Amino acid sequence: MELLYLYIKRYDDVFENQQINFSSNYNIEYKDGCLNIEYKNNKYERLLWR
């Protein structure tokens, strides 16, 4: 299991409506009450790790 995304609605006066994406494989966004998850098809990733 891995953490891909974190949404902080409010944490004291420090954070408000913050989105943090920890994944390089997915685009994740929370907008208008909907969580959108899109897989990134990075065709150059194999070349970088060989």
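For the structure itself, consult the block above.
On a predicted model such as this, the values are computed, not experimentally measured, just so you know.

Asks: Help me understand the overall build of the protein chain, please; the structure alone is not making it clear to me.
Replies: Looking only at helices and strands, the protein chain features one helix and four strands. Ordered by position from the N terminus, the helices and strands of the protein chain form the series β-β-β-β-α. Across the 50 residues in the protein chain, those meeting the buried criterion constitute 8%. For the protein chain, the share of sequence-separated contacts (at least 6 apart) that also reach a separation of at least 24 residues comes to 7%. Roughly 5,100 Å² of accessible area belongs to the protein chain as shown, and the carbon and sulfur atoms make up 48% of that amount.

Asks: Just to check I follow, could you spell out a nonpolar patch on the surface for this structure?
Replies: Residues Leu-3, Leu-6, Ile-20 and Phe-22 make up a contiguous nonpolar surface patch of roughly 350 Å² in combined accessible area. With respect to the helices and strands, Ile-20 occurs in strand E2 (residues 15-21). Judged by its relative accessible area of 31%, Ile-20 falls in the partly exposed class.

Asks: Looking at this structure, how should I read the pairing of strand E1 (residues 5-11)?
Replies: A regular strand carries its side chains on alternate faces of the sheet. Here six bridges tie E1 to E2, and the two strands are oriented antiparallel to one another. Residue pairing in the sheet places Leu-6 in a bridge with Ile-20 of E2. Following E1, the chain reverses through three residues before pairing antiparallel with E2; Asp-12 in that reversal takes a positive phi of roughly 50°.

Asks: Honestly, the environment of Glu-2 in this entry has me stumped. Any pointers?
Replies: With respect to the helices, strands and loops of the structure, Glu-2 is situated in the segment before E1. C-alpha of Glu-2 to C-alpha of Ser-23: the two residues are 21 residues apart in sequence and 9.1 Å apart in space.

Rules behind the numbers
Residues numbered from 1 in each chain as written. Predicted model: local features only at pLDDT ≥ 70, side-chain atom pairs only at ≥ 80, totals over all residues. Heavy atoms only, no water. Helix = DSSP H or I, 4+ residues; strand = E, 2+ residues; numbered from the N terminus. Buried < 20%, exposed > 50% of the residue type's maximum accessible area, 1.4 Å probe, protein only. Contact = heavy atoms within 4.5 Å. Areas by Shrake-Rupley, 256 points an atom, 1.4 Å probe, with all protein chains shown as cover. Patch = residues over 30% accessible without salt bridge, like charges linked within 9 Å, V, L, I, M, F, W, Y side chains within 5 Å. Salt bridge = Lys/Arg side-chain N within 4 Å of Asp/Glu carboxyl O. Pairing = 2+ DSSP bridges.

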